[in-house]
Structures are given as C-alpha cells and as structure tokens.
Amino acid sequence: MTERNEFFNTIRQALGPQTEAPNLTGTGSSALGDNSDAVSARSQAIQAYIDEQSGPLMDSLSESATGAGWKVARFDDLDKAGDHIVGIVRDVEANLVVRSRQDVLESGIVEAWLASLGVDVVPMALGEHSEHTVDELRSLAERADIGITGVDYAIAETGSCVLIPSAQVSRLVSLLPPIHIAIVQRGQVLPTLDELFTIRRRDFLDGNLGSYMNLISGPSRSADIEYTLVTGVHGPGEVHMILVG
Amino acid sequence: MQSHTKDFRQGAGAALSDPKIQANLEGLYNGFHQARIDASDQTPDWEALQDKGRAIKAHTLDNLAYYLEMVERNVIASGGHIYFARDAEAASNYVVNLAKERGIELVIKGKSMVSEEMALNHRLEEEGIEPVETDLGEYIVQLAEETPFHIIAPAIHKSRGEVSELFVEKLNVPMYDNIEDLTREARDQLRQKFVDAGMGITGANFIVAETGTVTLVTNEGNGRMCTSMPKIHVAITGMEKVVPSIEDLGLFLRLLIRSATGQRISSYVTTVTGPRGEDEVDGPEEFHLVIVDNGRSKMLADPNLREALYCLRCGACLNACPVYRKVGGHAYGWVYPGPIGAIVSPMLTNLSEAKDLPFASTLCGACKEACPVKINIPRMLLYLRKELTQGETYPEHKSVSMAESTAVKGWRASVSSSFMMRLSNLGGRLLQLPFVRGGRIDRLPSPLSGWTKHRKFPAIASKPFRTRWKNIGKK
Amino acid sequence: MNQTDNAVKASLFVTCIIDQFFPEVGEAAVRVLRRLGVEVEFDQSQTCCGQPAFNNGFWNDAKPTARRLVDSYEGEGNVVVPSGSCAAMLRVFYNELFHDEQDTLRRAQALAPHVFEFTEFVSDVLGAENREGLFHATKPMRVTYHESCHLKRELGVDLQPRSLIKSLPGVELVEMPQAEVCCGFGGTFSVKYADISAAMLNDKIANIQSANVDAVVAGDMSCLMHIGGGLEKQEAGIRAIHIAQLLDERI
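Residues numbered from 1 in each chain as written. Chains lettered and ligands numbered in written order. Predicted model: local features only at pLDDT ≥ 70, side-chain atom pairs only at ≥ 80, totals over all residues.

## A closer look at the overall build of chain C
Inclusion rule: Put simply, DSSP marks the helices as runs of H or I at least four residues long and the strands as runs of E at least two long, and each gets a number from the N terminus on. In this description the radius of gyration comes from C-alpha coordinates, and the expected globular size is given by 2.2 Å times residues to the power 0.38. Exposure classes come from backbone-placed C-beta atoms, where a residue is buried if 20 or more other C-beta atoms lie within 10 Å of its own, exposed if 12 or fewer do, and partly exposed in between. We call two residues in contact if the C-beta atoms placed from their backbones are at most 7 Å apart.
Summing up its helical and strand segments, chain C has 13 helices and eight strands in all. Against the globule reference of 18 Å for 251 residues, chain C gives a C-alpha radius of gyration of 18 Å, in line with a compact fold. Seen through its C-alpha atoms, chain C measures out along the principal axes to roughly 55 × 50 × 25 Å. Taken across its 251 residues, chain C has 58% of its residues classed as buried. For chain C, restricting intrachain contacts to residue pairs at least 6 apart in sequence, the fraction spanning at least 24 positions comes to 78%.

Below you can see the structure in the form of structure tokens.
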C-alpha cells in the first residue's frame, strides 16, 4: 500500500462508516453547495452594489484604512494625487522608485510625475518593454526607496488593499521597499471580506484565480517583544493609500 | 520534538519563581485577552459567526477524507505537489529529501507550529542545511535555543533587555536599549537570508479544499517574503486546517485574527495557489504542500475529542487561562501549551506521561468562553481525567495512584448516606483536633501542607447543617 | 409574585461543604428564603453531588451519590442550591457523567430546569430586589463581588448577585479588577498544584485589596473557603462571606 493510501485509510477508519460525498446542505457553510450560476449571480449583485455605493464605500474605506495604519489621502483626480505622491517622494529624498504595471499606472503617469525630481522609476514587469532580467528587477526592488502600485480591490470593512500578482504585477513592489504607495480608484472598494472571496470564487470557477493574492492592511508590524508595537519589520513600515475619485 | 510533558511540575515551579517571566505574563490579561474581548464585542453578530465557524469545522472534519482528496486534486491542478505525512518523521524526511535533491543550503521559515512538532530545524541542521526562523519572536527563540512560549507570541516571556543580551551574544552587535532598534537589527540580519535562501517553509492557517489554496496570516511580512523570494515554497500544516470553500475564508479570518490579536485584520493575509504563474515576474517555481497527521487521527477517531481539531490556533484560550498566565508556555513541555495544549499535547505525544496537563486546570471555563469556535475544553479535560483514572478508551494510559484510589473510596463511603455523613463528621472532628485553633486550621501535614502554606483551612463544624436544620428560626 | 399567591416551595440542596464546614451559611439561606415567603424543605438523605470524584476522573465513584440525588429530587419541584458549582454539576455536568446511562441521563435532564442557584432563585424567581422594605440598613459596608467560575460561565449568572447586592441599603458594591478570574481553588487542584493555586489566589487577594472593601462576597463557599483562608493567613482584615449571609444580615 502506498503511503498516501495508508494515510487515507487511517482517516477513513477514524471517521467510521460514512458516505463519500457529504451532504452539503445545512452545514452552515456558505460554500460548496452552490452551483456556478449562484456564484455568478452573487458576483453580479456585488458589482452592481459597489458601483452604486462607490462614494459611501470610499468614505468608509478612508476611515478603516486610517485605523489600520495607512496614511490616507483622497483626491478628485489622478493629477492631484500625483502632486501628493511627488510630495512624498520629495520628502523622503527617494532616489529609486519601483512600480507595478497595472492599468492605472501604465500611461506613464508615475514617470511624468517624478520626472521633475530626477528620480528613476522602474516598472517591475517582464515583457517586450522591459530591459531588465528577473534577477535585475529583484535587486532593483531591494534597493528601491518606494514601491507604487494600483490595487485590484480594496475592502471597507478592514481597510485593506487587495493585490493579485500577475504578468503586470510583481509580488515585490509592495513588499521590499520601505515605503508602499497604493492607489485606489472609485469603484474598486468592496464592503467586506465576504464580497472579495465571492468574487475570487467566481474567478476560480472561470479559471482566473491566479497563484497569489495579498490583502495588505497597514504597515508591517510586530508586537513580539513586550507586546510593544513596532512597524516596518520585513515589509514596508510606511504605507500610503491614495484614494482617487 | 522531544516531549517533556511529564516535567510539568518542575516547569511550572521554575516559571512561578522567575519574576521576569511573571512580569511578562502579567501583560497578557490587559493585552491580547482584553483586545480579543473588545474586538469580538465590536463585531456584529459575533456569536452567529462563532456558531457558523464551528458548524463548518464540524462538517469538514466529519468528512475529512473527502475534503483532503479535494485538496489533493486542486493542489495538483494548480501545478503544485502534495504529500500526506503519516507522522512527524515522514514529513521531515520529505522536506529534508526535497532540500537535498535541490541542493538547498539555506532555508527561511515562517511560523509553523507543525514544524515544531517535527523538530524540523534540528533535522535540517543534521543534514547541513541552515534553517532560519524569520518571525521576530521565532527568530529570538531560535537564537536562544528555546521553544515557543506562546502560539502567536513565541518570545513573549523575554524582556527587551534579555533580547538585547541575546543579540549581543549571538549576532555580535552592540547592545540596544529600545525595541525599534532590536527589530531593525533583526530585519537587517534576515534581509540577506531572504535573498540567499533556496527554500521558504511556512505553515498554513487554512487550506481551501475547493481551490487547493493555502492561506497565511501574518503581521510582519515574513510570510510574504517566504512565499515570494525563494525558488521553492513548502507549506507544512496539520490535516485539520481544511475549509471547504474560498468563500468560507472571510468568516474564518474574522474569527482567527480578532481572537488572536484583537486586530480587525492582520497586516497581511496571503493566499497561495500553486507555484507562480507562467507569466509572473516573481514567486516560487515549485510549490509543495505537506499535510501532517502525526496523531491527529486519534482525536478524529474519538467522538469525545474530535472538536479539539476545530482549533484555529489563535491562542485566545492561552491568554484567557489563569493557569497559563502563571506557568507560561514552557511548563506544558511540548509544542502546544495552555488549555488547548492540555488536550492536544497529550494526544499527540503520550497521554499518561502528560498526565499533569489535563489535571492542572481549575476547570474555570475561561478557555471555552474565549474560543472563537466554542471548543468545550473543560469537557475534554474532564474526559481525559476520566480516561487517566478509569482507562476506558485508552486502558494502556490508565494511571492512578493507590493513595488517590483509597482516598476516593473513603470519600465514596462518607457520602453514601446521611448516616455516613454524620459519622464522617464525627471522625473528621476527631482527626482535626490537634490542628484546630479558633475554628481554623493553620497547618496540615502532607499532602495538604501545600494548601495551608498559603491559606487557613476551616475546621469541620461541630454541628453540621443537617443537625441544625430543625432548629433554624427557633431561638 | 406576592404574598397572596400560593406559597412558593423549594427544596434546599445545601451542599456537602456548607453542611460540614459552613452550616451558618445554610441557615442564612433558609432564613432569607423564608422571609421571601418560600416554604423551604430539606431532604435529610442528601449528601454530595459527586463533583469531587467526577472532577478527578473517578466517574464510577461519583455515580452512586449523583444518582441518589437525582432520585431524591426528581418530581419534587424547585431545588435551590447555594453554590454555583454544585448547581452546575446538576444542570450541566450530569450530562457528561451519565452519558452512558440513558435512563439516569433522561431523569437528570428533566430535573435540570428545576434546579436553581441561590441568587438566581432569589432574584429571577422571587424578585427580591423589587420588594420594598425587605432589606434594612445596618452599618454602611463596602463589598466587592467575586464571580465564581461555574456560576458565571456554566450557569451564566452574573447580573443577579450584583443587582441583589446593589439593592441593599447601606451596602456599596465596588467592582474589583479581574472579578471574573478564577481564584485558583479548583477543588483538588489547590492541593495537587498548591503553588500555582497560591499564585492565582495572591492575585485575587491583591485585586480584592485594591478595591478597599470590608468584605468580598461570592456565591460559592468553595471559592470563599479558599479566598477567606488566604485573607486570614495574610491577616488582611477583609471578610469573605456568602451572598446569603450578606442578605440575611439585612433582612
């Protein structure tokens, strides 16, 4: 008998006689009993809700994100947000900035904003426009003073940004530099964690779950010594959430 | 990990007589414990969440084989590898062999209690592979060559001064007198390790069956580093960590995090589904999930203990426990301390050797009250006490002293009737005669001397209530 | 409920510890109940609920006395117990003890809704706080309330004792820090693990002292024996009294 089968035999013996496919109704689990149509319907309802309530959701995110330790600023449009970001970059005397290649940043606006400061901006993605290898990108991210990203979603309940790495989004932009700036646009804010995971389930059923997701809620922190809160352990110690719209 | 559960009394004594440990433990009540109470009070319908979480856990464990096979299919579908380890040794062998095959010399580790069960660091070192703990608390504990003191705050028994001295000794750095500098030093020390390591090992707070996704909850960012920097990511976890759907995660993240630290959410929640995608910039090329039994199937098989597997490892019962807050984590002698540890450690090691753990509780119920999935820990402690005394399900672990049996027989006779109660009253009064002063007993011989060292004991009344009953109200 | 109703009846399960060590507490409970118009009965065959053996794993030795208790009180109406722990044994833990004895389990479960801890009965059933002129003032007193673990966490009784104490003229209830934390008694725990127990007791005493009170009040003589024994050893000058005694002194 293989190790695997032995493992499962032990579990089956421990469980005693039972049916192989459990009855999923009435378990209290929101989950597997539903078919794909039900998940689609829920996702569509969520999309409609967050479009309709985008203003109040931004207000609520602003509050919860502040509570979670983000430095939150809100602007009507990207240009004004750009001025603010230039200010941050200038204040910390940054020399090197890395950014993701999400749509919101892809028009070259970060480069345009920072051109006047003479700061290098490196987009962290491979592809036809990148002149860097993977190893080079990684060492750039290690040296960078600031990482700038868009987000896939934000969550009002918890003050979180949700980043789903992909071809255009490196895992490291929001991780290695000591400062992370995240740009959240109107319409990206979900009310709670539950809506996020319903949408992600829809993505899974569509074959688009991807390999990775981060919910980022404030700075890297630890209270491992004497319960004393310290920020900036392994991840960024300073995090800015820029709300646009 | 070598079990020292039979040395509970010595461990407890050592903690009680160490003023530094006592001072550090004192912070738990107003710290994590109060934070949990505040967080649950502020969460709408907290109790409904608890009930739902418990129902999902019960359902998943009742159908564990089904869900583990689902995990297996989906991990493989996402391009990952999965290994089911019967015990700690098999799990260690898998990881060590993988590391050797890939020529790994340096491994970075996120927090994983299961890897403590496996004594994985020790095994890796034996093979010449350097393991480095990256959670700040775990890093401190590793440098000190100790074991974690608390499930979520492994080094909470150490003051900043002790950590400073440790860093001076082990890292050859100057003495720091503030926590920010200590943390920065640890960050700097570990940064290069993250860059150089060929393998990242983490635990998993949840495994989603439907998608084959591993979920990590961290505050420091080391979990993200371990799953982003090295070429290989290995997640090791107990088989009870499965939840059916990714849609269940919102609920469980709330229950876990709010109960653990009182935060609304931790700084980072990371989900990992297989290795990095083809077009991704970074992330590991290989993903391995190691699912460990190591005695858990014993608890699964026992209907009286199955609910111990509902545990989310939030540590709330430790913080709530007045005994843990006195004896700390090391006294329990194995990986899992505190109330849930008093169930899990005996069952995963040796019940009769760990005999003190189920008995070293006042059954005050604070653990049950704190548990986010309402695990009835006192009920299970009572059950394990019964097993140790009467040996019904685990006769090989029956372990009861003659003295205790005799005492209980005596008690049983004395309460067998009203007449016997009166007789024992008389007998007791005769026995206590040499000790009574002014209706109180100041000092009793062993085994009661421990009691009277710190408290007076009341004398048996000359007329019990049953004798006085007829005359109440008559003067 | 008022005096013109048919008299409320209750059978007192006085508990072995009160019977043998603190009979004056049982007397106080009887006087309070009678003053509230309760016709109190006392079944002389009662001994112990079985908890000492049960908690130590000797379930087979606990069963005979527990079974006899169920026999005695079955169908006898209200049972009042001046102890949260013993009441919890009857109401909660008999479910465990008799898990393999279906008939007794069923009868214990039928009995459970008729079992009341003393303050629960006096407050919820008799509404003592709302009876005008029931309690009279004696000399002013500051007290703090210690929550017995089983009373609070197994029976969910935490407001009743406080509302009774607050209704007493001249008595000031001062909450101490960590009132709900165990005093460290735990039955044989306090003997087997005397040092851990003592460390918990010392915290409890420090919290009581920080409230600057004349007495600590609780609903369980087992905790009070422990706390009182510690207070006396330290010559703290603070009394440890059962809530029935506090009420009895003012009724």
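## Re the interface of chain A and chain B
Using the following cut-off: Asp, Glu, Lys and Arg are counted as charged, while Ala, Val, Leu, Ile, Met, Phe, Trp, Tyr, Cys and Pro are counted as nonpolar; the rest, among them Gly, fall into the polar class. Here, a strand pair is defined by DSSP locating no fewer than two bridges between the strands.
Of the residues lining the interface, 65 residues belong to chain A; the matching set on chain B comes to 68 residues. When residues of the side of chain A that touches chain B are traced back to their parent elements, those giving at least two are α1 (3-15), α6 (134-143), α7 (193-205), β9 (212-216) and β10 (221-222) of chain A. With 10 residues, α1(A) is the largest single contributor of residues to the side of chain A that touches chain B. Each residue belonging to the side of chain A that touches chain B can be placed in one class, and the counts come to 31 nonpolar, 21 polar and 13 charged. Bridging between β9(A) and strand β9 (residues 268-272) of chain B involves five bridges; their strand directions are antiparallel. Note on β9(B): the bridge partner recorded for Tyr212(A) is Val272(B).

## Observations concerning the sheet that holds strand β3 (residues 120-123) of chain A
Each strand in a sheet pairs with another by means of backbone hydrogen bonds, the pair being arranged parallel or else antiparallel. Residue and element names in this part refer to chain A. Rule in force here: Axes, fitted as lines to C-alpha atoms, cover a helix only where it is in contact. Angles between the N-to-C directions of the axes lie from 0 to 180 degrees.
Pairing is parallel in the open sheet, where six strands are placed in the order β1-β12-β7-β4-β2-β3. Strands at the two margins of the open sheet, each flanked by one partner only, are β1 (71-75) and β3. Recorded for the sheet is a direction-independent mean angle of 20° between the axes of neighbouring strands. Pairing of β1 with strand β12 (residues 238-244) involves five bridges; the strand directions are parallel. Within the sheet, the bridge partner assigned to Arg74 lies in β12 and is Leu243. Here helix α4 (residues 78-91) sits on the sheet and contacts β1, β2 (96-99), β4 (146-150), β7 (179-185) and β12; the angle it forms with β12, its principal contact strand, is near 165°.

## Side note on helix α21 (residues 418-432) of chain B
Here is the rule we go by: A helix is expected to reach a length of 1.5 Å times the quantity of its residues less one. The arc in question is the one spanned by the directions pointing from the helix axis to the C-beta atoms.
In this model α21(B) runs 21 Å from its N-terminal to its C-terminal C-alpha over 15 residues, within 8% of the 21 Å that 1.5 Å per residue would give. Every buried residue of α21(B) is accounted for by Met421(B), Ser424(B) and Asn425(B). One face of α21(B) carries all of its buried residues, which in axial projection span an arc of 110°. α21(B) presents Phe419(B) and Leu430(B) as exposed residues on the side facing more than 90 degrees away from its buried surface. Close packing links the buried residues of α21(B) with α20 (402-414) of chain B together with α1 (16-20) of chain C.

## Observations regarding the packing of α1(A) against helix α4 (residues 64-77) of chain B
A pair of packed helices is characterised by two quantities: the angle between their axes and the separation of those axes. Inclusion rule: Roughly parallel covers angles under 35 degrees, roughly antiparallel covers those over 145, roughly perpendicular covers 65 to 115, and oblique covers all other angles.
Two elements in contact, α1(A) and α4(B), have axes whose closest approach is 9 Å; the angle formed by their N-to-C orientations is 150°. With respect to their mutual orientation, α1(A) and α4(B) come out roughly antiparallel. Together, Phe8(A), Ile11(A), Arg12(A) and Leu15(A) of α1(A) and Leu64(B), Ala65(B) and Leu68(B) of α4(B) make up the contact between the two elements. For the contact of α1(A) with α4(B), the residue count by class is six nonpolar, no polar and one charged.

## A few points about the environment of Ala403(B)
All names here are of chain B. Of note, Ala403 is situated in helix α20. Judged by the 9 C-beta atoms lying within 10 Å of it, Ala403 falls in the exposed class. With 53 residues separating them in the primary sequence, Ala403 and Asn350 have C-alpha atoms 23 Å apart.

## Considerations on the pairing of β12(A)
Residue and element names in this part refer to chain A. Of all seven residues in β12, six are buried; the element is thus mostly enclosed. Direction of pairing for β7 relative to β12: parallel, over a ladder of seven bridges. Bridging from a neighbouring strand, Ile179 pairs with Glu238 of β12.

## Section: the packing of helix α4 (residues 59-73) of chain C against helix α6 (residues 102-111) of chain C
All names here are of chain C. Applied cut-off: Note: crossing handedness is left-handed where the near helix turns anticlockwise from the far helix by less than a right angle, and right-handed where it turns clockwise.
Contact geometry for α4 and α6: axes closest at 10 Å, N-to-C directions at 55°. On the basis of the axis angle, α4 is oblique to α6. Note on packing geometry: the crossing formed by α4 with α6 is left-handed. Between α4 and α6, the residues in contact are Arg67, Val70 and Tyr73 and Thr104, Arg107, Ala108 and Leu111, respectively. When grouped by side-chain class, the residues that make up the contact of α4 with α6 number four nonpolar, one polar and two charged.

## So, the environment of Ala320(B)
Summarising the element assignment, Ala320(B) is placed in helix α14 (residues 316-320). In contact with Ala320(B), not counting residues within four places along its chain, are His33(B), Ala366(B), Cys367(B), Glu369(B) and Ala370(B).

## Examining the nonpolar core
Where we set the bar: To define a nonpolar core, we join buried Ala, Val, Leu, Ile, Met, Phe, Trp, Tyr and Cys residues through C-beta atoms within 7 Å and take the resulting set.
Core analysis: the biggest nonpolar cluster contains 309 residues, and Val162(A), Val184(A), Met241(A), Ile242(A), Val290(B), Cys317(B) and Ile343(B) have the highest contact counts within it. Those residues in contact with Val184(A) that sit more than four places away from it in its chain are Val151(A), Ala154(A), Cys161(A), Val189(A), Met241(A), Ile242(A), Leu243(A) and Val244(A).

## Focus on the sheet that holds strand β7 (residues 215-218) of chain C
All names here are of chain C. If you walk across this open sheet you meet the four strands as β6-β5-β7-β8, and the pairing is parallel. Unpaired on one side and paired on the other, β6 (171-173) and β8 (239-242) mark the two borders of the sheet. Strand-to-strand twist across the sheet, computed as the mean angle between neighbouring axes with direction ignored, equals 35°. Sheet topology places strand β5 (residues 141-145) next to β6; three bridges connect them, and they run parallel. Its bridge partner lying in β6, Met141 is registered against Val171.

## Some details on the domain arrangement of chain C
Residue and element names in this part refer to chain C. Convention followed: Note that the domain bounds reflect an automated or database-derived domain assignment.
Splitting chain C by domain gives domain 1 (8-122) and domain 2 (134-248). Placing the centre of domain 1 and that of domain 2 at their C-alpha centroids yields a distance of 22 Å. Facing the 25 residues of domain 1 at the interface are 22 residues of domain 2. Counting only elements with at least two residues in the side of domain 1 that touches domain 2, the list comes to α1, α2 (23-35), α3 (51-55), α5 (84-97) and α7 (118-125). The leading source of residues in the side of domain 1 that touches domain 2 is α5, at six residues.

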